[in-house]
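# Analysis of the macromolecular model
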Amino acid sequence: MRGARGTLTGLVSQKDLAGTATRVGGVAVTLTSGATTLRVRTATTPDDLGRYVVENLEPGTWSVTFERRGTRPVSTTVTVGAGTTTSFDPVLVAPASLAGTVTRGGAPLAGVTVRLWTAAAYGTGQSPTATTTTDGAGAFRFEDVDAPASYVVEILSGQGSVLGASNVVTVTQSQAAKVAVTVEVS
């Protein structure tokens, strides 16, 4: 005898900036059917990373949305049958990123510290969101940043003094934002 309710399961992946899909945990999964809304998150443990299971669903049509910070949501409609398991494995687009170059006097500035701040936290004594170092071409990249959000990119010398900062840069979901920072010649 078949059960009166069904199950929705799947594995959520996300493309990186190179287009390679890998499993991701902590993705919010929202199911809606009529007045019923259910929410779960994908698993974050290594063996089950990206897996979600929603059991005891009323048979019928469900709207399912997958959301992860910095990435445009993915939505679909699935039909769940009584006593059956329905699978759906979405692939999210790449998350937002912010990349750029640092120059001084028209030349790339290599080996300097680059700090990423939310615009609201910049200058408040809070910690930066992320830190990296420019490469030999003066380039830097922050991957998987929260979006939509506004940021300031700050450049520090090897001694830790501020060399310059960008204007406020607004990054939208799944956007590969770019910024060029020019520091003053000393």
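So, how was this worked out
Residues numbered from 1 in each chain as written. Predicted model: local features only at pLDDT ≥ 70, side-chain atom pairs only at ≥ 80, totals over all residues. Heavy atoms only, no water. Helix = DSSP H or I, 4+ residues; strand = E, 2+ residues; numbered from the N terminus. Polar contact = N/O pair within 3.5 Å; in protein donor to acceptor, adjacent residues only side chain to side chain. Contact = heavy atoms within 4.5 Å. Salt bridge = Lys/Arg side-chain N within 4 Å of Asp/Glu carboxyl O. Buried < 20%, exposed > 50% of the residue type's maximum accessible area, 1.4 Å probe, protein only. Pairing = 2+ DSSP bridges.

Moving on, we come to the side chain of serine 174. Inspection of the secondary structure puts serine 174 in the loop between strand 18 (169-171) and strand 19 (176-183). A distance of 3.0 Å separates a polar side-chain atom of serine 174 from the backbone nitrogen of arginine 72. A distance of 3.0 Å separates a polar atom in the side chain of serine 174 from the backbone oxygen of alanine 94. Residues in contact with serine 174, not counting those within four places in the same chain, are Gly70, Thr71, Arg72, Val93, Ala94, Pro95 and Ala96.

Taken as a whole and judged by the stated rule, the model has four salt bridges. With a shortest N-O distance of 3.0 Å, glutamate 58 and arginine 5 are connected by a salt bridge. One end of the pair, glutamate 58, is in the loop between strand 6 (51-57) and strand 7 (60-67); the other, arginine 5, is in the segment before strand 1 (6-11), with 53 residues separating them in the sequence. By relative accessible area, arginine 5 is classed as partly exposed at 39%. As a salt-bridge pair, glutamate 154 and arginine 115 come within 2.7 Å of each other at their nearest N and O atoms. Within this pair, whereas glutamate 154 is found in strand 16 (residues 149-156), its partner arginine 115 is found in strand 13 (residues 113-118), the two being separated by 39 residues in sequence.

Attention now moves to the pairing of strand 19. Judged by which residues are buried, strand 19 turns out to be one-sided: Ala177, Val179, Val181 and Val183 face inward and are buried, whereas Ala176, Lys178, Ala180 and Thr182, on the alternate face, are not. Bridge count for strand 11 (residues 97-104) against strand 19 is eight bridges, and the pairing is parallel. Note that in strand 19 the partner of valine 102 across the bridge is valine 181.

Right, let's get into the sheet that holds strand 2 (residues 13-15). Ordered by their spatial adjacency, three strands build an open sheet running 3-2-10, and the pairing between neighbours is mixed. Every interior strand has two partners, whereas the edge strands, strand 3 (21-23) and strand 10 (91-92), have only one. When strand 2 meets strand 10, the two strands line up parallel, connected through two bridges. Residue pairing for strand 10: glutamine 14 is matched across the bridge by leucine 92.

In this fold, threonine 132 is placed in strand 14 (residues 130-133). Overall, threonine 132 belongs to the partly exposed group, its relative accessible area being 24%. For the pair threonine 132 and phenylalanine 66, spaced 66 residues apart in sequence, the C-alpha separation works out to 30 Å. Each residue touching threonine 132, except ones within four places of it in the same chain, is listed here: Val112, Thr113, Val114, Phe140, Arg141 and Phe142.

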